[in-house]
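Residue-level listing of the chains:
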Amino acid sequence: MPILEYKCANCGSGMVFDSTTGMLTCHSCGKKDNIEQITDPLTRNAFSADEAMEYHCKSCGAVIMTEAETTATVCSFCSAAVVLGDRLTGRLAPAKVIPFAISKEEAKKAFKKWCRNGRLTPAGFMSADRIKGITGMYVPFWLYEMHNKIEVHSQATKVRMYTRGDYHYTETQHFDVYRKIRLNYSRVPIDASEKMNDALMDKLEPFPYDQLKSFKTPYLAGYIAEKYSYDDKELFPRAKGKISQYIDAYIQSAMAGYTTVNYTNKQIDTKLVQADYALLPVWVVHYDYNRLEHTFAMNGQTGKVVGKPPISKAKVAAWFGGISAASLLSLKLLSLAMGGGFL
């Protein structure tokens, strides 16, 4: 069966990836294995579609029920870390992975600290004691490399104003401006999971791409992982849209020095050079407050937290009241300083 589990050679217990040491670790006896020195089982096995019909935990024999997108999970009966190997081979095999650098306990502490920093969140929410669940998940991303050929024609002006004697002059020069630009972008991340909120995932950036490693299944042990819902060609338009604002900003900088610039023709030819399938680490936090569940995400490498916390109406009113009072006081002081009255 296409179930991969990593058993400790010393005591037989299940081993998991330890974000602190970066090694495959047995929490029973303390044995640690260097993942880079482990031969990945996926390089030795090919799984058929028939084998993927049903999964059984090798530790307790229980049937493992998962959604079609799941590639790594935990047995709900014995908590053994399992990797569904057939869902990580062929075109579904990731090229790269950024391992977790923040443990579950560290993630909880960081989230609680983040909650306490919310100036306008309710006091009850800021206590951060209603964490319903926190899940370490490897989210599928495509990392795009795109080369752009850009040609821009525009009409521009330079305006100079000066005075001679009693006369004021305005001098306007007109220019035909042409720019030919080459811009290359690499590792542009686009999340490929249908379940994950795109805006939430975008806000988690940047990920430390210097931590990218060649994919090996032991990195997934003890975490949840999913395969992509959309391939690189389906998400290519979104990747182009993501870099468009940076291209526009570069074009503007290339035409600096003019008073006005009006584009008459702008052509951008974007070529997809490569798209690497990568798994990036995300802690997903489910938090109960006021009978509602709020979802937050944390970058599993940097600890950056994103999400929309509830807002306290009383704190908002007090905040605006404070601004109004401060403005009124400033106005009064200014009036007194100018010798005026204040009603």
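This section reports on the structure supplied with the text.

Quick look at the packing of aromatic side chains now. What the rule picks out here adds up to 18 aromatic pairs. Where Tyr138 meets Tyr223, the ring centres are 5.7 Å apart and the plane angle is 75°; that geometry is what we call edge-to-face. Note that Tyr138 is positioned in strand β10 (residues 131-164) and Tyr223 in the loop between β12 (213-214) and β13 (224-226), a separation of 85 residues in sequence. The burial state of Tyr138 is the same as that of Tyr223; both residues are buried. Directly above the ring of Phe175 sits Lys158, whose terminal nitrogen or CZ lies 5.6 Å from the centroid.

As a further point, take the pairing of strand β3 (residues 23-26). Across four bridges, strand β2 (residues 15-18) lies against β3 in antiparallel orientation. Across the sheet, the residue bridging to Phe17 is Leu24, located in β3. Here β2 folds back onto β3 in antiparallel fashion, the turn holding four residues, of which Gly22 has a positive phi close to 75°. Across two bridges, β3 lies against strand β4 (residues 32-33) in antiparallel orientation.

Here we take up the pairing of strand β7 (residues 70-74). Taking burial as the measure, the five residues of β7 include four buried ones, the bulk of the element. Judged from the two bridges that link them, β7 and β13 form a sheet pairing that is antiparallel. From the neighbouring strand, Ala72 faces β13, where its bridge partner is Ala225. Of the pairings in the sheet, the one linking β7 to strand β8 (residues 81-84) comprises three bridges and is antiparallel in character. Its bridge partner being in β8, Val74 is matched across the sheet by Ala81.

Time to look at the sheet that holds β3. The strand order across the open sheet built from three strands is β2-β3-β4, with neighbouring strands paired in antiparallel fashion. Sheet topology places β2 and β4 at the edges, where each strand pairs with a single neighbour.

This brings us to a positive patch on the surface. The grouping of Lys149, Lys180, Arg182 and Lys271 at the surface amounts to a positive patch. Checked against the element boundaries, Lys180 lands in strand β11 (residues 167-191).

Reading the values: rules and limits
- The residue numbering used here restarts from 1 in each chain and proceeds along that chain's sequence as written.
- Reporting of local features is limited, given that this is a predicted model, to residues whose pLDDT is at least 70; pairs of side-chain atoms are given and counted only at 80 or more, and all residues count toward the totals for whole chains, interfaces and linings.
- Heavy atoms from the whole structure form the basis of all side-chain values; hydrogens and water molecules are not counted.
- By convention, a stacked pair of Phe, Tyr or Trp rings (six-membered ring in the case of Trp) has centres within 6.5 Å and planes under 30 degrees apart, an edge-to-face pair has planes over 60 apart, and any other such pair is tilted.
- In DSSP terms, a helix is any run of H or I states spanning at least four residues, a strand is any run of E spanning at least two, and both are numbered starting from the N terminus.
- Buried residues are those whose accessible area, probed at 1.4 Å on protein chains only, stays under 20% of the maximum for their type, while exposed residues exceed 50% and partly exposed ones sit between those limits.
- Whether a charge lies above a ring is judged from NZ of Lys or CZ of Arg, which has to be within 6 Å of the ring centre and within 35 degrees of the ring normal.
- For two strands to pair, DSSP has to find at least two bridges joining them.
- Each patch is built from residues that are more than 30% exposed by relative accessible area and take part in no salt bridge. Like charges join if they lie within 9 Å; nonpolar side chains (Val, Leu, Ile, Met, Phe, Trp, Tyr) join within 5 Å.
- Each accessible area value is a Shrake-Rupley result obtained with a 1.4 Å probe; residue values ignore everything except the protein chains displayed when judging cover.
- A side-chain nitrogen of Lys or Arg and a carboxyl oxygen of Asp or Glu constitute a salt bridge if their distance falls within 4 Å.
- The charge count includes Lys and Arg as positive and Asp and Glu as negative, but it does not include His or the ends of the chains.
- A charged residue contributes its charge at one atom only: NZ of Lys, CZ of Arg, CG of Asp or CD of Glu.

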